[in-house]
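If you want the building blocks of each chain, they are given just below.
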Amino acid sequence: MSLFGKLFGSSGKGGKSPSPQEAIQRLRETEEMLTKKQEFLEKKIEQELVTAKRNGTKNKRAALQALKRKKRYEKQLAQIDGTLSTIEFQREALENAHTNTEVIKNMGFAAKAMKAAHDNMDIDKVDDLMQDITEQQELAQEISDAISKPVGFGEEFDEDELLAELEELEQEELDKNLLEIGDNVPLPNVPSTSLPARPAKKKEEEDEDDMKDLEAWAAN
């Protein structure tokens, strides 16, 4: 039996393969175990380093033994670091493979559902249906346009003649308004009293004036 068979067990040729979830869970448990081992070795390294420092001048042999144990612990720690890196890579690859498997499975499920949905569909019938819908929409639009047009009951009029008649009516209305304005403007009233008469000269004064005019003419 191989080393991995001894470590993880073997189900034989006819045995069932583990599921991706089971394998991922096993790898996570292994990572957790190795992480605890790392913490234990780090503490042991610190302890051996303290022992070596304490016995450096007093007991050289004890100090050397402590350093040797420290080296062994460091070597084990380095091996565990490498093992954890390998396990982490394997777990991530397995998780990606599991994700891809689920994605493909769901896509296949969706493809089957789509195929089942299309089994009862005939493309020719779909085209006929869409053509019918288009024709009905066009008919509905024509009906709407016909209803919205104003009804003239067959009477047609020349728009130019109507505009000319409207201008005549406007002109007549304007002339009528001007006449009404002229009639309503008040004229100045005739004075009710007579103007003051120029005072008449006396007969004697007139004769006297005439004589003066005659004398002046004769003198010349």
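The structure under discussion appears in the preceding block.
What counts, and where the lines are drawn
- Residues numbered from 1 in each chain as written.
- Predicted model: local features only at pLDDT ≥ 70, side-chain atom pairs only at ≥ 80, totals over all residues.
- Heavy atoms only, no water.
- Core = buried A, V, L, I, M, F, W, Y, C linked by side-chain atoms within 4.5 Å.
- Buried < 20%, exposed > 50% of the residue type's maximum accessible area, 1.4 Å probe, protein only.
- Helix = DSSP H or I, 4+ residues; strand = E, 2+ residues; numbered from the N terminus.
- Contact = heavy atoms within 4.5 Å.
- Salt bridge = Lys/Arg side-chain N within 4 Å of Asp/Glu carboxyl O.
- Patch = residues over 30% accessible without salt bridge, like charges linked within 9 Å, V, L, I, M, F, W, Y side chains within 5 Å.
- Areas by Shrake-Rupley, 256 points an atom, 1.4 Å probe, with all protein chains shown as cover.
- Lys, Arg positive; Asp, Glu negative; His and termini not counted.
- Charge placed at Lys NZ, Arg CZ, Asp CG, Glu CD.
- Expected span 1.5 Å × (residues − 1).
- Polar contact = N/O pair within 3.5 Å; in protein donor to acceptor, adjacent residues only side chain to side chain.
- Axes fitted to C-alpha atoms, helices over the stretch in contact; angles between N-to-C directions.
- Parallel < 35°, antiparallel > 145°, perpendicular 65-115°, else oblique.
- Left-handed = near helix turned anticlockwise from the far one by under 90°.
- Nonpolar A, V, L, I, M, F, W, Y, C, P; charged D, E, K, R; others polar.

**Things to note about the nonpolar core**
Nonpolar side chains in soluble globular proteins generally cluster together in the buried interior. Leu27, Leu34, Leu41, Ile45, Tyr73, Leu77, Ile80, Leu84 and Ile87 together form the largest nonpolar core, which totals nine residues. For this core, the secondary structure elements donating two or more residues are helix H2 (20–54) and helix H3 (60–119). Per element, the largest residue contribution to this core is five residues, and it comes from H3. Setting aside its immediate chain neighbours within four residues, tyrosine 73 contacts Leu41, Lys44, Ile45 and Glu48.

**What to know about the pattern of salt bridges**
All told, the structure shown has seven salt bridges when counted by the stated rule. Note that glutamate 95 is salt-bridged to arginine 28, the shortest N-O span being 2.9 Å. Of the two residues, glutamate 95 is situated in helix H3 and arginine 28 in helix H2; the sequence distance between them amounts to 67 residues. Overall, arginine 28 belongs to the partly exposed group, its relative accessible area being 43%. Residue arginine 91 is joined to glutamate 95 by a salt bridge in which the shortest nitrogen-to-oxygen separation is 3.2 Å. Here glutamate 95 and arginine 91 lie together in helix H3, a separation of four residues that amounts to about one turn. Among the residues examined, arginine 91 registers a relative accessible area of 14% and is labelled buried. Where salt bridges share partners, they join Arg28, Glu31, Arg91 and Glu95 into one cluster.

**Focus on a negative patch on the surface**
On the surface, Asp158, Glu159, Asp160, Glu161, Glu165, Glu167, Glu168, Glu170, Glu172, Glu173, Asp175 and Glu180 cluster together to form a negatively charged patch. Here glutamate 170 is to be found in helix H5 (residues 159–184).

**Focus: a nonpolar patch on the surface**
A contiguous nonpolar surface patch, about 550 Å² in accessible area, is contributed by Met121, Ile123, Val126, Leu129, Met130 and Ile133. Residue position: isoleucine 123 is located in helix H4 (residues 123–148).

**As for H4**
Taking 1.5 Å per residue as the helical rise, H4 with its 26 residues ought to reach 38 Å, and the 38 Å between its terminal C-alpha atoms agrees with that figure. If you check the start of H4, you find a side-chain oxygen 3.2 Å away from the backbone N of aspartate 124, and it comes from aspartate 122.

**Things to note about the packing of H2 against H3**
Packing of H2 against H3 leaves a shortest axis separation of 8 Å and a crossing angle of 160°. By the angle between their directions, the pair H2 and H3 is classed as roughly antiparallel. Note on packing geometry: the crossing formed by H2 with H3 is left-handed. Residues of the contact of H2 with H3, tallied by class, amount to 18 nonpolar, nine polar and 13 charged.

**Examining the side chain of histidine 98**
Of note, histidine 98 is situated in helix H3. Relative accessible area serves as the criterion here: at 17%, histidine 98 is assigned to the buried category. In this structure histidine 98 touches Pro20 and Gln21, once residues within four positions along its chain are discounted.

**Digging into the environment of lysine 43**
Turning to its location among the elements, lysine 43 is positioned in helix H2. On the basis of relative accessibility, which here comes to 55%, the residue lysine 43 falls in the exposed class.

**Side note on H2**
For an α-helix, the turn length of 3.6 residues means that residues three or four places apart are oriented alike. With 35 residues, H2 should cover 51 Å at 1.5 Å per step; its first-to-last C-alpha distance of 51 Å lies within 8% of that length. Where the residues of H2 are buried, they touch H3.

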